[in-house]
Amino acid sequence: MSSIILEARNVRYRYPRGMEAVCDISFHIRKKEKIALVGPNGAGKSTLLKMFNGMIRPDSGIMLFDNKPIEYDITSLRMLRKRVGFVLQNPDRQIIAPTVYQDVAFGPTNLGYPENEVKRVVTLALRHVGLEGFERRPPYHLSGGEKKRVAIAGVLAMDPDVLVLDEPTSGLDPSGSEDIMELLDELNHEGKTIIISTHNVELAYPWADRAILLLEGKILEEDVPQKAFGNPEHVRRAHLSLPILLELYMEMQKRGFQVQGKKPHTVLDMMRCIETVVQKTARHTCPGTITVCNVDQHGQGTVTTWLSFRSGIPVGAMGTRAKQRAENEQIQLDFTYGVIDKCILKALLGEDSLIMTTENMVDRVYRRVDAYVKESGIPVVVKMMDGGSG
Amino acid sequence: MFEELLEDIAQKNGLREVNAYVKLATGLGAIFLCLLSTSYFPPLFITIVLTMAILFLARVDARTYAELFVVPLSFAIMSVAGIILISGGHDLFWRWDILPAFSLSITRQSINQGVYVFCRVLGGMSGICFISLTTPMTDIFTVFRRCKVPETIIDLMMIIYRTIFILMDHVVQVYQAQVMRLGYSTWRESLHSFASLCGAAFITSWESGEDLIQAMDARCYDGKFALLGETRPVEKIPCLAVGIFLMLSVAVVILSGSSTII
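Since the structure is predicted, the reported quantities are computational estimates derived from the model, not experimental observations.

Caption draft 1: Local environment of the overall build of chain B. Of the regular secondary structure elements, chain B holds 9 helices and 2 strands. For a compact globule of 262 residues, the expected C-alpha radius of gyration is about 18 Å, and chain B comes in at 24 Å, more than 25% above that figure. Over its C-alpha atoms, taken along the principal directions, chain B stretches across nearly 70 × 60 × 35 Å. Within chain B, the fraction of its 262 residues that count as buried is 39%. Here the analysis covers contacts within chain B between residues at least 6 apart in sequence; of these, 71% occur between residues at least 24 apart. A total accessible area of about 14800 Å² is found for chain B, and carbon and sulfur atoms account for 72% of it. Across chain B, the 18 positively charged side chains and the 21 negatively charged ones have centroids separated by 7 Å.

Take a look at the structure:
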């Protein structure tokens, strides 16, 4: 288990002339975790988030970053804010400069990077969020999702260890929300700790490593999502809804089905639950193969050629660069979110599928599939795409 | 929104990628020559050339361009009418004594004077339009910094530029919400609605100000604002074209002297 990066000890905060927004909260967050703070409006989510980078100083109790208490003098706060990036809920409020480039460059410039270094990190950050070529655009020319990406890039340019996002999916359409969650996944995979606040239970449930349910400034539940959302009474009290997967699982239990194993975290888990109940798996054929294409290795056009021999094969893309490549080659993507699980589901139906992804995400596919194979005993095969220089 | 429209066009126009200095030199040079000229003809010449450039090089929609001229031109026509009727002269064409001490007249000199003023208005307008339709504000900021305008002023300008659109957006939304609830149906009602619109706009800008400080602090604000470092290279052909245009205009100014229309 990795070490603790952020910790709150008996933290309290009251707004001037207001009610207590955070009452005596203690918890910790480990490195490389994905945390979802979930709760109704006014539960104290945003207040708590703002404590992570010292925007709000608790009235009592202490906040620790990297096992050291947060200090509130200007120099320490600057260091803290460089390492804990904060993305506001409303990107219009976060984007301050008249062009995308200038906005993303804001942090690095203020950190005193030399000009060519600023340029390098900005290009990198924009590339990361898939907004290359947007440098000169003014922010009011961007869509909601693009603005959100600019806001994230602005924080990424400072290369923080922790990313804190207040309602990252508010105001976005479903596919835009999924794209953002996928981007957060990608960043997490590169080693960043990610903390989000949200009301969107369905997005938070499969995404988070741990969920913290907040109500009236107190922690109601704090655990892996299956358990945190597992108590319908608490979920109801927190003005949230049960994730549909959990609800389905509970309904099956109530009806006396002998569902085994742990509570489902993904659709894939749910399918296994159902299959164990039916006592007969839906496998009529041997499972299909998942082919992984590393877009960093394969040149332009190889995927198109590969696909031309296998018409109708479902394609998923993971990671911003892979999605861009698919767009460049005009490949119709079937999956852009939860790609690995969806491809395993296809494989279980005996269908082959293709995952386009980037260098550093390849092993993630292998790990996920291996874990599934070990758990279920169904031999799903993953292989790298051959041809090209790879 | 009109302001947004102008910036939108500037962001997308055909001369977007030309160096900002070249474009500014064209526009400012044109305005300067219009002011320098003592004849009606050079401003007219400049207007025609710049209009061609705006319509065919920058590919600005002709209708939009014409609309830009409506308001200033209507003012210009009114004042020119005044100039023609009031400023006297000796070659009399028409005269009307309204009052014993006051009369309206049209003379050769007054017509010349009126046409001269009108053409200068046209020339100046086309120069300003050329700059505002081809050079986005974002490029002008870079030029300002080069010209050693104090940083504080540039930073303020950039923040204002950025927030204008947010505020405008908000005002439009509030306004529409008011209209939907029949906020402007009667005179009294409109007065009341307008007042609350102003109040809402004030509160929003106050709040955005606080948010702005938070957003800047969250990203380690240290009094610095990044500027788009890159400037596009000064290319030969546009430079040459502008040189020729300005030289021709100077020649026209000199040759036309103080020739008049009649």
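Caption draft 2: Highlighting the interface of chain B and chain A. Every contact between the two is made by 36 residues of chain B and, on the other side, 37 residues of chain A. Note on chain B versus chain A: buried area summed over both sides is about 3300 Å², and carbon and sulfur give 57% of it. Here chain B and chain A share 4 salt bridges between them. The shortest N-O distance in the salt bridge between Arg219(B) and Asp103(A) comes to 3.2 Å. Counting across the chain B and chain A interface gives 10 residue pairs in polar contact (both at pLDDT 80 or more). Looking at the side of chain B that touches chain A, the elements with two or more residues in it are helix 1 (2-12), helix 6 (137-146), helix 7 (151-180) and helix 8 (187-218) of chain B. Looking at the side of chain B that touches chain A, the element that brings in the most residues is helix 8 of chain B, giving 9 residues. Looking at the side of chain B that touches chain A residue by residue, the class counts come to 15 nonpolar, 7 polar and 14 charged.

Caption draft 3: Quick peek at the packing of aromatic side chains. All names here are of chain B. Considering all chains together, one arrives at 11 aromatic pairs over all chains under this definition. Ring centres 5.1 Å apart and planes at 75 degrees place the aromatic pair Tyr65 and Phe69 in the edge-to-face group. Of this pair, Tyr65 and Phe69 are both found in helix 4 (residues 62-86), 4 residues apart, which corresponds to roughly one turn of the helix. Both residues of the pair, Tyr65 and Phe69, belong to the buried class. Their ring planes at 80 degrees and their centres at 5.7 Å tell us that Phe141 and Tyr161 sit as a pair that is edge-to-face. Of this pair, Phe141 sits in helix 6 while Tyr161 is found in helix 7, placing the two residues 20 residues apart along the sequence.

Caption draft 4: Local environment of the sheet that holds strand 13 (residues 353-357) of chain A. Residue and element names in this part refer to chain A. Read across the sheet, 4 strands follow the order 12-13-11-14 without closing on themselves; strand pairing throughout is parallel. Each edge of the sheet is formed by a strand with only one pairing partner; in this case those strands are strand 12 (315-317) and strand 14 (381-384). Here the average twist between neighbouring strands, direction ignored, is 25 degrees. In this structure, strand 12 lies alongside strand 13, joined through 3 bridges in parallel fashion. What sits directly across from Ala317, in strand 13, is Met356.

Caption draft 5: Broad picture of the side chain of Thr193(A). All names here are of chain A. By secondary structure assignment, the location of Thr193 is in strand 8 (residues 193-198). Separated by 3.0 Å, the side chain of Thr193 and the backbone nitrogen of Lys32 make a polar contact. Look past the residues within four positions of Thr193 in its chain and what remains in contact with it is Ile5, Ile29, Arg30, Lys31, Lys32, Glu33, Asp161, Val162 and Leu163.

Caption draft 6: Highlighting helix 3 (residues 41-57) of chain B. Residues and elements named next belong to chain B. Helix length check: helix 3 (17 residues) gives 23 Å between terminal C-alpha atoms against 24 Å at 1.5 Å per residue, within 8%. Within helix 3, burial applies to Pro42, Pro43, Ile46, Thr47, Leu50, Thr51, Ala53 and Ile54. Down the axis of helix 3, the buried side of the element spans an arc of 160 degrees, and every buried residue falls inside it. Exposed and facing more than 90 degrees away from the buried side of helix 3 are Ile48 and Phe56.

Caption draft 7: Quick peek at the pairing of strand 1 (residues 92-99) of chain B. All names here are of chain B. Two elements, strand 1 and strand 2 (residues 102-107), share 6 bridges in a ladder whose sense is antiparallel. Bridging from a neighbouring strand, Asp97 pairs with Ser103 of strand 2. Connecting strand 1 to the next strand, strand 2, in antiparallel fashion are 2 residues.

Caption draft 8: Seen up close, the side chain of Thr142(B). Summarising the element assignment, Thr142(B) is placed in helix 6. Within the local environment of Thr142(B), its side chain forms a polar contact with the backbone oxygen of Thr138(B), the two atoms lying 3.3 Å apart.

Caption draft 9: Molecular detail of unusual backbone geometry. Even without being a glycine, Asp24(A) presents a positive backbone phi close to 55 degrees. When you line up the elements, Asp24(A) lands in strand 2 (residues 20-30). We classify Asp24(A) as partly exposed; its relative accessible area is 39%. Not every positive phi belongs to a glycine, and Leu182(B) is a case in point at roughly 55 degrees. With respect to the helices and strands, the residue Leu182(B) is situated in the loop between helix 7 and helix 8. Residue class for Leu182(B) comes out exposed when judged on its relative accessible area of 59%.

Caption draft 10: Main features of the packing of helix 6 of chain B against helix 7 of chain B. Residue and element names in this part refer to chain B. Remark: helix 6 packs on helix 7, axes separated minimally by 10 Å, with the N-to-C direction vectors making an angle of 175 degrees. Judged by the inter-axis angle, helix 6 sits roughly antiparallel to helix 7. In this structure, helix 6 uses Met137, Thr138, Phe141, Phe144 and Arg145 to contact helix 7, whose residues at the interface are Glu151, Ile154, Asp155, Met157, Met158 and Tyr161. Among the residues forming the contact of helix 6 with helix 7, the class breakdown is 7 nonpolar, 1 polar and 3 charged.

Caption draft 11: Region of interest: the pattern of salt bridges. Scanning the model with the defined rule gives 31 salt bridges over all chains in all. In this structure, Asp92(A) engages Arg162(B) in a salt bridge whose closest nitrogen and oxygen atoms are separated by 3.1 Å. In this pair, Asp92(A) sits in helix 3 (residues 91-94) while Arg162(B) sits in helix 7, so the two residues belong to two different chains. Of the two residues examined, Asp92(A) and Arg162(B), each falls in the buried class. With its nearest N and O atoms 3.3 Å apart, the salt bridge here joins Arg95(B) to Asp97(B). The structure contains a network of salt bridges with shared partners spanning Lys31(A), Asp66(A), Arg83(A) and Asp161(A).

Caption draft 12: Region of the structure containing the nonpolar core. Residues and elements named next belong to chain A. Of all hydrophobic cores here, the largest spans 60 residues; its most connected members are Val104, Ile152, Leu184, Leu213 and Phe229. In terms of residues, this core owes the most to one element, helix 6 (residues 144-156), which gives 6 residues. In this structure, Leu213 is in contact with Val38, Lys218, Ile219, Leu220, Glu221, Ala228, Phe229, His234, Val235, Ala238 and Leu240, ignoring residues within four places of it in sequence. Counting 33 residues, the second largest nonpolar core, distinct from the first, contains Ile25, Met51, Phe86 and Val162.

What counts and what doesn't
- Residues numbered from 1 in each chain as written.
- Chains lettered and ligands numbered in written order.
- Predicted model: local features only at pLDDT ≥ 70, side-chain atom pairs only at ≥ 80, totals over all residues.
- Heavy atoms only, no water.
- Helix = DSSP H or I, 4+ residues; strand = E, 2+ residues; numbered from the N terminus.
- Rg over C-alpha atoms; globule rule 2.2 N^0.38 Å.
- Buried < 20%, exposed > 50% of the residue type's maximum accessible area, 1.4 Å probe, protein only.
- Contact = heavy atoms within 4.5 Å.
- Areas by Shrake-Rupley, 256 points an atom, 1.4 Å probe, with all protein chains shown as cover.
- Lys, Arg positive; Asp, Glu negative; His and termini not counted.
- Charge placed at Lys NZ, Arg CZ, Asp CG, Glu CD.
- Buried area = accessible area lost by both parts, 1.4 Å probe.
- Salt bridge = Lys/Arg side-chain N within 4 Å of Asp/Glu carboxyl O.
- Polar contact = N/O pair within 3.5 Å; in protein donor to acceptor, adjacent residues only side chain to side chain.
- Nonpolar A, V, L, I, M, F, W, Y, C, P; charged D, E, K, R; others polar.
- Phe/Tyr/Trp six-rings, centres within 6.5 Å; stacked < 30°, edge-to-face > 60°.
- Pairing = 2+ DSSP bridges.
- Axes fitted to C-alpha atoms, helices over the stretch in contact; angles between N-to-C directions.
- Expected span 1.5 Å × (residues − 1).
- Arc of directions from axis to C-beta.
- Parallel < 35°, antiparallel > 145°, perpendicular 65-115°, else oblique.
- Core = buried A, V, L, I, M, F, W, Y, C linked by side-chain atoms within 4.5 Å.

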